[in-house]
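Residue-level listing of the chains:
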Amino acid sequence: MYLGVLGRLPLAVARALLAALRGRLDALCWSLAPLSLPLPLPGWRRVSAPSPAAPAGPRRERERERERDDAFPTPTSVNYHFTRQCNYKCGFCFHTAKTSFVLPLEEAKRGLAMLKEAGMEKINFSGGEPFLQDRGEFVGKLVQFCKQELKLPSVSIVSNGSLIRERWFKKYGEYLDILAISCDSFDENVNVLIGRGQGKKNHVENLHKLRQWCREYAVAFKINSVINRFNVEEDMNEQIKALNPVRWKVFQCLLIEGENSGEDALREAEKFIISDEDFEQFLGRHKDISCLVPESNQKMRDSYLILDEYMRFLNCRNGRKEPSKSILDVGIEAAIKFSGFDEKMFLRRGGKYVWSKADMKLDW
């Protein structure tokens, strides 16, 4: 019909009408483009809408790097040293009793809730000796809060084990995923030399008792050992296999200025230091233990997110513990930027593992 009408009009008028019609149809096509509707118009060629110019490849990559640098690390796994007080005097200790301060329980809970909001999945309570405060009630209440209220996948404690009683397991064991006990030697004379001796109490005998309680109350059992001048020649294969921990964390003795080294330090750890070669020889002697997790000095300095008793992140990169401001005062993002935490090293050293006892499927 329209073609018949156009055929009876002068050529110039017909061309003008055709151009107008083409313009209206073109506009209709663009208005329908976001709907991705097909427009089967034979003989019509659809022109793509101009797209904004994308930055050049290298330029965009630089922008991505800047974005990564500006982003603060996620506090996936946090070590909270809520007390510096301890009943042992280990000569190489790198978190010594320089203060007796402990946050009020509710303030500690507030900080832990902030960390959960920022992405924390695992909390590890340490010291000093965590079971000194209120005979273990303080750390017990924090463990229960983190598991019951915050619903963290993993809650753990590092302790020397000397003050833990079975009644604690009865009350709080269900909320604890991992109990790590520090044991540097299976020779009681060496433990005395290191500073783990407690009169007539036997550190190794107590270790076996704690192992049994962990079985009975379904708490994953872990051992931490600091390899130093006094135990570097020891063969621990038989004892570790008998105890069968889920993890045996083996640390190289580390100097931290102001803690166990330097004029203002409470310890003199220089006599405990071993070389990298010594450490590697110890690891080689125990290479058949499947649960062994070695940690050299370099891995320890950069890959742990440490909170002190004031809830300040501690930066250990320069061989000292340089504190940020407290997360309770400035928030997680402002404080964690000064933590020195290397998130990539944390992942490379295997910092994230199966750390919830519900996922371990252990034969207790």
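Above this text sits the structure in question.
Since the structure is predicted, the reported quantities are computational estimates derived from the model, not experimental observations.

A.B. asks: Can you walk me through helix 5 (residues 137-149) in this structure?
C.D. replies: The periodicity of an α-helix, 3.6 residues per turn, causes residues three or four positions apart to be oriented the same way. A rise of 1.5 Å per residue sets the reference length of helix 5, with its 13 residues, at 18 Å; its end C-alpha atoms lie 17 Å apart and thus fit the reference within 8%. Those residues of helix 5 not exposed but buried are Phe138, Val139, Gly140, Leu142, Val143, Phe145 and Cys146. Backbone geometry just downstream of helix 5 places Lys151 in the positive-phi region, at approximately 55°.

A.B. asks: Would you mind going over the environment of Ser339 with me for this structure?
C.D. replies: Inspection of the secondary structure assignment puts Ser339 in the loop between helix 13 (332-336) and helix 14 (343-348). Residue Ser339 is classed as buried on the basis of its relative accessible area of 3%. In this structure the C-alpha to C-alpha distance between Ser339 and Glu322, which are 17 residues apart in sequence, comes to 8.2 Å. The residues contacting Ser339, other than those within four sequence positions of it, are Leu305, Phe313, Leu314 and Asn315.

A.B. asks: Sorry if this is basic, but what is going on with unusual backbone geometry here?
C.D. replies: Where the residue is not glycine, phi is negative for most of them; where a peptide bond is considered, it is trans in most cases. Gly128 follows Gly127 through a cis peptide bond whose omega is 15°. Position of Gly128 among the secondary structure elements: in the loop between strand 2 (122-126) and helix 5. Phi is positive for Asp134, close to 55°, though the residue is something other than glycine. Along the chain, Asp134 falls in the loop between strand 2 and helix 5. Here the phi dihedral of Asn244 falls at roughly 50°; this positive angle occurs in a residue that is not glycine. The residue Asn244 is located in the loop between helix 9 (237-243) and strand 6 (247-252) in this model.

A.B. asks: Looking at this structure, I do not really get the pairing of strand 7 (residues 292-295). What am I missing?
C.D. replies: Looking along a regular strand, one sees side chains alternate from face to face of the sheet. Sheet topology places strand 6 next to strand 7; 4 bridges connect them, and they run parallel. Counterpart to Phe251 in the pairing with strand 7 is Glu295. This β-α-β element, strand 6 to helix 10 (residues 276-285) to strand 7, shows right-handed connectivity.

A.B. asks: Please clarify how the side chain of Glu188 should be interpreted in this entry.
C.D. replies: By the element assignment, Glu188 lies in helix 7 (residues 188-194). Buried charge Glu188 goes without a salt bridge, the closest partner of opposite sign being Arg196 at 9.2 Å. Among the polar contacts made by the side chain of Glu188, one reaches the main-chain amide nitrogen of His203 at a distance of 3.0 Å. Among the polar contacts made by the side chain of Glu188, one reaches the main-chain amide nitrogen of Val204 at a distance of 3.5 Å.

A.B. asks: How should I be thinking about the packing of helix 4 (residues 105-117) against helix 5 in this particular structure?
C.D. replies: Angle between the axes and distance between the axes: these two values describe a pair of packed helices. Their axes nearest at 11 Å, the elements helix 4 and helix 5 cross at an angle of 35°. The two elements helix 4 and helix 5 meet at a crossing, and its hand is right-handed. Mapping the contact onto sequence places Leu105, Ala108, Lys109 and Leu112 in helix 4 and Phe138, Lys141, Leu142, Phe145 and Cys146 in helix 5. Class assignment of the residues belonging to the contact of helix 4 with helix 5 gives a composition of 7 nonpolar, no polar and 2 charged.

A.B. asks: I would appreciate a short explanation of a positive patch on the surface in the present structure.
C.D. replies: Taken together, the side chains of Arg135, Arg165, Arg167, Lys201 and Lys209 define a basic patch exposed on the protein surface. Inspection of the secondary structure puts Lys201 in the loop between helix 7 and helix 8 (203-216).

A.B. asks: Help me understand the nonpolar core, please; the structure alone is not making it clear to me.
C.D. replies: Generally speaking, a soluble globular protein has its nonpolar side chains buried in company with each other. Among the nonpolar cores identified, the biggest contains 65 residues, and Tyr80, Leu112, Ile123, Phe125 and Trp248 are the most heavily contacted of them. The element that contributes the greatest number of residues to this core is helix 5, accounting for 6 residues. Setting aside chain neighbours within four positions, we find Tyr80 in contact with Leu103, Ala108, Leu112, Ile123, Asn124, Phe125, Ser126, Leu142, Leu307, Asp308, Glu309 and Met311. Of all hydrophobic cores here, the second largest spans 17 residues; its members include Tyr88, Cys90, Val190 and Phe251.

Criteria and thresholds
Residues numbered from 1 in each chain as written. Predicted model: local features only at pLDDT ≥ 70, side-chain atom pairs only at ≥ 80, totals over all residues. Heavy atoms only, no water. Helix = DSSP H or I, 4+ residues; strand = E, 2+ residues; numbered from the N terminus. Expected span 1.5 Å × (residues − 1). Buried < 20%, exposed > 50% of the residue type's maximum accessible area, 1.4 Å probe, protein only. Contact = heavy atoms within 4.5 Å. Pairing = 2+ DSSP bridges. Right-handed = clockwise from strand over helix to strand, strands pointing away. Lys, Arg positive; Asp, Glu negative; His and termini not counted. Salt bridge = Lys/Arg side-chain N within 4 Å of Asp/Glu carboxyl O. Polar contact = N/O pair within 3.5 Å; in protein donor to acceptor, adjacent residues only side chain to side chain. Axes fitted to C-alpha atoms, helices over the stretch in contact; angles between N-to-C directions. Left-handed = near helix turned anticlockwise from the far one by under 90°. Nonpolar A, V, L, I, M, F, W, Y, C, P; charged D, E, K, R; others polar. Patch = residues over 30% accessible without salt bridge, like charges linked within 9 Å, V, L, I, M, F, W, Y side chains within 5 Å. Areas by Shrake-Rupley, 256 points an atom, 1.4 Å probe, with all protein chains shown as cover. Charge placed at Lys NZ, Arg CZ, Asp CG, Glu CD. Core = buried A, V, L, I, M, F, W, Y, C linked by side-chain atoms within 4.5 Å.

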